[in-house]
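Working through the structure, step by step
The chain contents come next:
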Amino acid sequence: MNENQGEPISAADLRFPARVDREFEDRLLALCASEDLRLEHWRHLGSDFFMSGLAVMIASTPGFDRRALLDLAERLQPGSTQVAVFAEWLRCSPVRPSRFLPMLDARRG
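A short tour of the structure in this document, coming up. All figures in this text were calculated on a predicted structure; none of them were measured in a lab.

A few points about the overall build of the protein
Helix and strand counts for the protein come out as six helices and zero strands. Across the protein, helices and strands are ordered from the amino to the carboxyl terminus as α-α-α-α-α-α. For the protein, the proportion of contacts with a sequence separation of at least 24, taken over those separated by at least 6, is 63%. Accessible surface, the protein: about 6300 Å² in total, of which carbon and sulfur atoms supply 51%.

Have a look at this one:
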């Protein structure tokens, strides 16, 4: 944790947003729930590394097009579907699957 700002990760790590507030979280949820896989829409919300990890995470969720999401992840960040890369994403990401995935499931109804 960045002790000076109370942010979950260092702002110097440009792979991730420095923080995820409710507004940003809502935009991420809306994109994922829409099942819009256009590269430019995913790139608009964050770094290629961050968004590729989000796509890999969503690919593990029942009811989503796993293959298309993994393909999107690889277009965003080659190698992002590798176990070690996704493990790094999970370790460093301010988005927690235990919080995000239930909210995504509720949004999809």
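The rest of the description comes next.
Re unusual backbone geometry
Trans peptide bonds make up most of the peptide bonds, and negative phi angles are found at most residues other than glycine. In this structure, glutamate 35 is a non-glycine residue whose phi angle is positive, near 60 degrees. As for its placement among the helices and strands, glutamate 35 is situated in the loop between helix H1 (22-34) and helix H2 (39-45).

Considerations on the packing of aromatic side chains
Summed over all chains, the structure comprises five aromatic pairs. Ring plane angle 90 degrees and centroid distance 5.5 Å describe the contact between phenylalanine 16 and phenylalanine 49, whose orientation is recorded as edge-to-face. Residue phenylalanine 16 is found in the segment before H1, and its partner phenylalanine 49 is found in helix H3 (residues 48-59); the two are separated by 33 residues along the sequence. Look at phenylalanine 49 and you get buried, because its relative accessible area is 12%. Members of the aromatic cluster, each reached through a chain of ring pairs, are Phe16, Phe24, Phe49, Phe50, Phe86 and Trp89. The ring centre of phenylalanine 49 lies 4.9 Å from the NZ or CZ of arginine 15, which sits over that ring. Above the plane of the ring of phenylalanine 64 lies arginine 108, whose end atom (NZ or CZ) is 3.8 Å from the centre.

So, the environment of proline 78
For proline 78, the position within the fold is in the loop between helix H4 (66-76) and helix H5 (83-92). Exposure remark for proline 78: the relative accessible area of 62% places this residue in the exposed category. Measuring from C-alpha to C-alpha, the distance between proline 78 and phenylalanine 49 comes to 9.1 Å, with 29 residues separating the pair along the chain.

Examining the pattern of salt bridges
Applying the stated criterion across every chain yields a total of eight salt bridges. Linking glutamate 88 and arginine 15 is a salt bridge whose minimum nitrogen-to-oxygen distance equals 3.3 Å. With glutamate 88 in helix H5 and arginine 15 in the segment before H1, this residue pair connects regions lying 73 residues apart in the sequence. A relative accessible area of 25% places glutamate 88 in the partly exposed class. Note that aspartate 48 and arginine 43 form a salt bridge whose closest N and O atoms lie 3.0 Å from each other. Salt bridges sharing partners connect three or more residues here, namely Arg15, Glu88 and Arg91.

Things to note about H5
Regarding H5, the residues found buried are Phe86, Trp89 and Cys92. Buried residues of H5, viewed axially, fall in a sector of 135 degrees; they line one side. Turned more than 90 degrees away from the buried face of H5, the exposed residues are Val83, Ala84 and Arg91. Considering only its buried residues, H5 is in contact with H3.

Calculation rules
- Residues numbered from 1 in each chain as written.
- Predicted model: local features only at pLDDT ≥ 70, side-chain atom pairs only at ≥ 80, totals over all residues.
- Heavy atoms only, no water.
- Helix = DSSP H or I, 4+ residues; strand = E, 2+ residues; numbered from the N terminus.
- Contact = heavy atoms within 4.5 Å.
- Areas by Shrake-Rupley, 256 points an atom, 1.4 Å probe, with all protein chains shown as cover.
- Phe/Tyr/Trp six-rings, centres within 6.5 Å; stacked < 30°, edge-to-face > 60°.
- Buried < 20%, exposed > 50% of the residue type's maximum accessible area, 1.4 Å probe, protein only.
- Lys NZ or Arg CZ within 6 Å of the ring centre and 35° of its normal.
- Salt bridge = Lys/Arg side-chain N within 4 Å of Asp/Glu carboxyl O.
- Arc of directions from axis to C-beta.

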